[in-house]
Amino acid sequence: METGISVERAIELIRAYTNPVGTERIPAIKAHGRVLAADVKSPIDQPPWPRSPLDGYALRSEDTKTAPVKLKVADTVYAGGWSDKTVGAAQCVHIMTGAPIPDGCDCVIRQEDTDGGTDEVLISKSLRHYENYCFAGEDFKKGDVLLPSGTRLTGNAFGVLAAAGLLREDELLTVYKPVRCAVLCTGDELVPNAVRPLPKGKIYSSNEAVLAARLTELGIEITTVQGEFSDDPNALADAIRQAAEEADVILTTGGVSVGAKDILHETLPILNAERIFWRVKLKPGTPLMFSLFEGKPILSLSGNPFAASATFELFARPLFAKLCGCEDLKAETLQAPLETPFEKFGKCRRFVRAILRNGRVILPEGHSSGQLASSVGTNCLAELPPSDRPLEKGSPVWVWML
Ligand code: AMP
Ligand code: MG
C-alpha cells in the first residue's frame, strides 16, 4: 500500500486499478444519457442537397455582375418542395429558407435586396460565387464520424442521431453498460432524516444526500444508498459484501482517519480487500483510501461533509470517467486569479469551495471541512498552493469546475 502520495499519483492509481464496465448493444431511441463505446458514422449527407439559408431568389452569380439587373422568375420552391428547373442565363427561382437550390444556381440573394417581383425581379446588387449557399453535407457527410466513442448521448448528441435518421428502435448502438455505485456512510453519530426529534449526540447524515445527488447528475446509477450508520467493522464488511453483488464501485464515507472508531482499517482486512493507497497530500480529506474488493474499487472518503464532497469531485470523477469510458466526467480545470484574498496558508495543497465568476475566483465565508452550508451556490474548487504567506488578491490559482 502506498501512503502520503500526491493528488496526481492517487488519481493515477485509481485509474490504473479501475476497468471500464462492459458494453452492450441497445436501440438508439433508448440510449439517452448513455456513453458510446464505438464511433457512430452517418449513413447520409445532411443536408442531403444544397439548400437556401434564407428567403430570396436563387440565381447564377455571373448574371449579377452588371447589377442592378432584371431576371425572369422561372419557378418558386418552398421548404419541403423540389424544383426540377435548370436555371439558365438571366433566370432565377423564388426560394424559401430550407428549400433545395435548383441546378444551375450558385448563390441566393436576400428577398430584401430585390424588389420582390413575381414574374420578373430586380436584383439590386452583385453576388459572389456560393454566396448564401449551403452545400449538401454542410453539417455532416455520409461516412463521417458523427459521434466518437466516449461521447455521452445528451441533448445535442441525441439531436445529431435524429438528424442522421438513426434515432430508431432498429438502429443498435454499442454503449457502455450503466455504471452502478453503492454509497455507504459510516458513523455511530449519524441518523437518517426519518428520525425526529434528533436524539442527543446524533446528527443527520448529509453525505449520502450529497453523493447520491452528484452521482445522479453525472449519470451514475445508485444501487444502494444504505444508511450504514454504525461504527461496527463486521457490519460494514457485510454491507460492502452485499453492495458489491450489484455495484461496480463502492463509495464509503467516514472512518478512514486515525481515531479509535476509524473502522475501515479493520473492515478491509475482514474482507480480504487489497489496500492500494491511504492518505493523500491535500486538505481537506487527507485520509482518503482506495482499495479493491474482489476486483471492485472501493473509494473511502473522509466523513467531514466538505472533505467528502471535495474529494468526490477530485478523485471519484476520474474513477467514474474510467469506469464509464467517458473522459468528460472529469472536472474541467483552468487557471484564474483570486478575487478574495485567503489568509490561511501552510505546507499542504488546499482545496476550497469557490465561485468562478467573470474569470475571477471568489471565496465565500466558512472554510472548515465540517461546514456544508457555505458550499451552496459555489461552482468550483479553488486549489491553493502550499505557501509561506497569505494568498493575495490577484494570485493565480487552479480551478476545478464542479
Ligand atoms: P470521520 O471521518 O468518521 O472521522 O468523521 C469526521 C466528521 O464528519 C465527524 O464530525 C462526523 O460526525 C462527520 N460526519 C461523518 N459522516 C457524516 C455524514 N454522513 N454526514 C454528516 N457528517 C458526517
Ligand atoms: Mg466516524
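Residues numbered from 1 in each chain as written. Chains lettered and ligands numbered in written order. Predicted model: local features only at pLDDT ≥ 70, side-chain atom pairs only at ≥ 80, totals over all residues. Heavy atoms only, no water.

Visitor: What exactly am I supposed to notice about the overall build of the protein chain here?
Guide: Secondary structure assignment for the protein chain yields six helices and 23 strands. Here the C-alpha atoms of the protein chain give a radius of gyration of 30 Å, more than 25% beyond the 21 Å that 2.2 N^0.38 yields for 402 residues. C-alpha extents for the protein chain along the principal axes are approximately 90 × 55 × 45 Å. Counting every position in the protein chain, which comprises 402 residues, the buried fraction comes to 48%. Partitioning the contacts of the protein chain with sequence separation of at least 6, the portion at a separation of at least 24 is 68%. Of the roughly 19000 Å² of accessible surface on the protein chain, a fraction of 50% belongs to carbon and sulfur atoms. Positive and negative charge centroids in the protein chain, built from 44 and 51 side chains respectively, lie 5 Å apart. (Helix = DSSP H or I, 4+ residues; strand = E, 2+ residues; numbered from the N terminus. Rg over C-alpha atoms; globule rule 2.2 N^0.38 Å. Buried < 20%, exposed > 50% of the residue type's maximum accessible area, 1.4 Å probe, protein only. Contact = heavy atoms within 4.5 Å. Areas by Shrake-Rupley, 256 points an atom, 1.4 Å probe, with all protein chains shown as cover. Lys, Arg positive; Asp, Glu negative; His and termini not counted. Charge placed at Lys NZ, Arg CZ, Asp CG, Glu CD.)

Visitor: How should the sheet that holds strand β20 (residues 350-357) be read in this particular structure?
Guide: Across a sheet, paired strands are connected by hydrogen bonds in the backbone, their directions being either parallel or antiparallel. Strand order across the open sheet formed by five strands is β19-β23-β22-β20-β21, with antiparallel pairing between neighbours. Where the open sheet ends on each side, the last strands, each with one partner, are β19 (333-337) and β21 (360-362). Going across the sheet, the axis of each strand differs from the next one's by a mean of 45 degrees, ignoring polarity. Across four bridges, the pairing between strand β22 (residues 380-384) and strand β23 (residues 396-401) is antiparallel. When the sheet's bridge partners are listed, C380 is paired in β23 with M401. (Pairing = 2+ DSSP bridges. Axes fitted to C-alpha atoms, helices over the stretch in contact; angles between N-to-C directions.)

Visitor: Explain helix α5 (residues 264-271) to me, please; I cannot follow it from the model alone.
Guide: The periodicity of an α-helix, 3.6 residues per turn, causes residues three or four positions apart to be oriented the same way. Those residues of α5 not exposed but buried are L264, T267, L268 and L271. Projection of α5 onto a plane perpendicular to its axis shows the buried side chains occupying an angular sector of 95 degrees, all on one side. Next to the buried residues of α5 lie α4 (233-246), β15 (249-253), β16 (274-280), β17 (289-293) and β18 (296-301). Of the residues flanking the end of α5, it is N272, one or two places downstream, whose phi is positive at about 60 degrees. (Arc of directions from axis to C-beta.)

Visitor: Got a minute to help me understand the sheet that holds strand β8 (residues 120-123) in this structure?
Guide: Taken in spatial order, the five strands line up as β7-β4-β6-β5-β8 in an open sheet, and their pairing is mixed. Edge strands, defined here as strands with exactly one partner in the open sheet, are β7 (107-110) and β8. For this sheet the average axis-to-axis angle between neighbouring strands, irrespective of direction, equals 40 degrees. Across four bridges, the pairing between strand β5 (residues 69-77) and β8 is antiparallel.

Visitor: Before we go on, may I ask you to explain helix α6 (residues 305-324) in this structure?
Guide: Of all the bends in α6, the largest measures some 40 degrees and sits at F312. Burial within α6 is extensive, with 19 of its 20 residues counted as buried. The first or second residue beyond α6 is G325, which carries a positive phi of 70 degrees. (Bend = angle between axes of the 7 residues up to and from the residue.)

Visitor: How do you make sense of the site of ligand 1 when you look at a structure like this?
Guide: Taken together, 16 residues lie near ligand 1, and E189, S205, S206, G255 and G303 sit nearest. In the model, a nitrogen atom of ligand 1 is placed 2.9 Å from a nitrogen or oxygen of the S205 side chain. Residue S206 places a main-chain N or O atom 2.9 Å away from a nitrogen atom belonging to ligand 1. Within the complex, 77% of the 480 Å² of free accessible area of ligand 1 lies under protein. (Near = heavy atom within 4 Å. Polar contact = N/O pair within 3.5 Å; in protein donor to acceptor, adjacent residues only side chain to side chain.)

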